[in-house]
Amino acid sequence: MTNKPLLSVRDARVGFTTVRGVVRAVDGVSFELAEGRTLGIVGESGSGKSVLVRSLIGLVSATTGVEVEGQVVFEGRDLRKLSPADFRRVLGSEIGIVFQDPMTSLNPVTKIGRQIGEGLRLNRGLDRAAADRRAVELLSEVGIPEPERRARQYPHELSGGMRQRVAIAIAIACAPKLLIADEPTTALDVTVQRQILDLLQREQRQRGMAMILITHDLGVAASRADDIMVMYAGRAVEAASTREIFRTPRMPYTEALLRSLPRLSDRTHTRLTAIPGRPPDLARRTGGCAFAPRCSYRTERCDAEQPMLTREGGHGFSCFHPLANGA
Ligand SMILES: Nc1ncnc2c1ncn2[C@@H]1O[C@H](COP(=O)(O)OP(=O)(O)OP(=O)(O)O)[C@@H](O)[C@H]1O
Ligand SMILES: [Mg+2]
């Protein structure tokens, strides 16, 4: 990591007020991301991955109350202290976002070319004709054949994979420094998934963008991310370089996740073995480690005390009984 990170998040917290009490979806997460690096955020469903990144960019929505805390510094600017206009400018032109389902992020009644050009007109001052031309170039860059014709079509006229390419074109149109991709391929066929991940990686490298790639697939994180942060019950329970995470996981939860990865060499074992038990109810916090009830290394202390994130070199883990380094 360089001295000055592109993005620095300190003690991020998000609590939703619900009829069942406060759901602590994000419970004190800190991390840094350097320019041009890819951080993979992994964890089971409900661990707070989406809420965490959405909260960074002011996108958490709640039917009742929501409390968002923590510091988010992007390129030296404290995003939570910017005026709404400045915040929108940063979001519009310096941070690109790709969601799981492109249908939710694309406007169904606006032609694709216009949607790609919109940000360029708003944030880069291009006139309509220049924005339209650039949109066609971007469509071609993200691998859409016949870009001139496609630019005049509506989202529903494209396949799911093509729509996700359009969403990527929109996200990169203003040349952002950071791309956030939240499960960008989950809604797609397996073959298309790979193409979209390849496209994201190529764009990220060519443009030197930093990327946050959220995935529940450790295999995807392994091949695409420089660093990995493992989340469990709203906390970052392990964070290190991808190589370290795979070679020497310290947190039993990460080890369990790794064990659940299907091995390509083992043909009879291609299904994911789930980790027994379920993640805890986030509205009912206990004093101990959230993973303890499912953990084979559990002791009394794990039930009584919350382990803090400990750092050994660049490797962080929150466990009272970490696996041996080099095991
Ligand atoms: N608006 C909301 N109101 C109340 N609880 C919410 C709200 N949004 C999310 N949550 C809860 O916050 C927790 C974290 O959700 P989040 O969507 O971040 O999980 P995730 O890790 O992204 O899971 P997935 O892999 O399924 O996308 C979940 O328990 C979820 O039910
Ligand atoms: Mg999610």
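Above this text you will find the structure in question.
Residues numbered from 1 in each chain as written. Chains lettered and ligands numbered in written order. Predicted model: local features only at pLDDT ≥ 70, side-chain atom pairs only at ≥ 80, totals over all residues. Heavy atoms only, no water.

Draft legend 1. Structural view of empty space enclosed by the protein. In this structure the tally under the stated criterion is three cavities of 30 Å³ or more. Taken as a whole, the largest cavity encloses approximately 70 Å³ of empty space. What lines the largest cavity is simply Met251, Cys289, Ala292, Cys295, Tyr297, Arg298, Cys302, Pro307, Ser318, Cys319, Phe320 and His321. When its volume is computed, the second largest cavity comes out at roughly 50 Å³. Considering the residues around the second largest cavity, the lining is formed by Tyr232, Arg235, Val237, Met251, Cys289, Ala290, Phe291, Gln306, Pro307 and Ser318. Here the lining of the second largest cavity is built from residues that sort into seven nonpolar, two polar and one charged. (1 Å grid on protein atoms, 1.4 Å probe; cavity = no way out; pocket = protein on both sides within 12 Å on 5 of 7 lines; lining within 4 Å. Points joined across faces, edges and corners; volume = space filled by probe spheres on them. Nonpolar A, V, L, I, M, F, W, Y, C, P; charged D, E, K, R; others polar.)

Draft legend 2. Region of the structure containing unusual backbone geometry. Phi angles above zero are rare outside glycine, and Glu146 is one such case at about 50 degrees. Within the secondary structure, Glu146 sits in the loop between α5 (128-141) and α6 (147-151). Glu146 sits in the partly exposed class, given a relative accessible area of 47%. Positioned with a positive phi, Ala175 is a non-glycine residue whose angle comes to about 55 degrees. In this structure, Ala175 sits in the loop between α7 (160-172) and β7 (178-182). (Helix = DSSP H or I, 4+ residues; strand = E, 2+ residues; numbered from the N terminus. Buried < 20%, exposed > 50% of the residue type's maximum accessible area, 1.4 Å probe, protein only.)

Draft legend 3. Layout of the site of ligand 1. Close to ligand 1 lie 15 residues; Ser45, Gly46, Lys49, Ser50 and Val51 are nearest. One nitrogen or oxygen atom from the side chain of Ser50 is found 2.8 Å from an oxygen atom belonging to ligand 1. Note that an oxygen atom of ligand 1 is positioned 2.9 Å from one of the backbone N or O atoms of Val51. Protein contacts shield 67% of the accessible area of ligand 1, which totals 640 Å² for the unbound molecule. At the level of secondary structure, the elements contributing two or more residues to the shell around ligand 1 comprise β1 (7-18) and α1 (49-56). Of the residues forming the shell around ligand 1, the biggest block, three residues, is contributed by α1. Residue composition of the shell around ligand 1, by class: five nonpolar, seven polar and three charged. (Near = heavy atom within 4 Å. Polar contact = N/O pair within 3.5 Å; in protein donor to acceptor, adjacent residues only side chain to side chain. Areas by Shrake-Rupley, 256 points an atom, 1.4 Å probe, with all protein chains shown as cover.)

Draft legend 4. The arrangement of the packing of helix α4 (residues 112-124) against α5 in detail. Closest axis-to-axis distance for the α4/α5 pair is 8 Å, and the angle between their directions is 115 degrees. Seen along the crossing, α4 lies across α5 with a hand that is right-handed. Where α4 abuts α5, its residues Ile112, Gly113, Arg114, Ile116, Gly117, Leu120 and Arg121 lie against Arg128, Ala131, Asp132, Arg134, Ala135, Leu138 and Leu139. In terms of residue class, the contact of α4 with α5 is built from seven nonpolar, two polar and five charged. (Axes fitted to C-alpha atoms, helices over the stretch in contact; angles between N-to-C directions. Left-handed = near helix turned anticlockwise from the far one by under 90°. Contact = heavy atoms within 4.5 Å.)

Draft legend 5. Representation of the pattern of salt bridges within the structure. In the structure shown here, the tally under the stated rule is 24 salt bridges. Of the charged contacts, one joins Glu255 and Arg259 as a salt bridge, the two residues approaching to 3.3 Å between their closest N and O atoms. Taken together, the residues Glu255 and Arg259, both in helix α11 (residues 252-259) and four residues apart, mark about one turn of the helix. Through salt bridges with shared partners, one network takes in Asp11, Arg13, Asp27 and Arg235. (Salt bridge = Lys/Arg side-chain N within 4 Å of Asp/Glu carboxyl O.)

Draft legend 6. Geometry of the state of the cysteines. Taken as a whole and assessed by the stated rule, the structure comprises zero disulfides. For Cys289, which is in no disulfide, the shortest distance to another cysteine sulfur is to Cys302 and amounts to 6.2 Å. Residue Cys302 is classed as buried on the basis of its relative accessible area of 8%. (Disulfide = S-S within 2.5 Å.)

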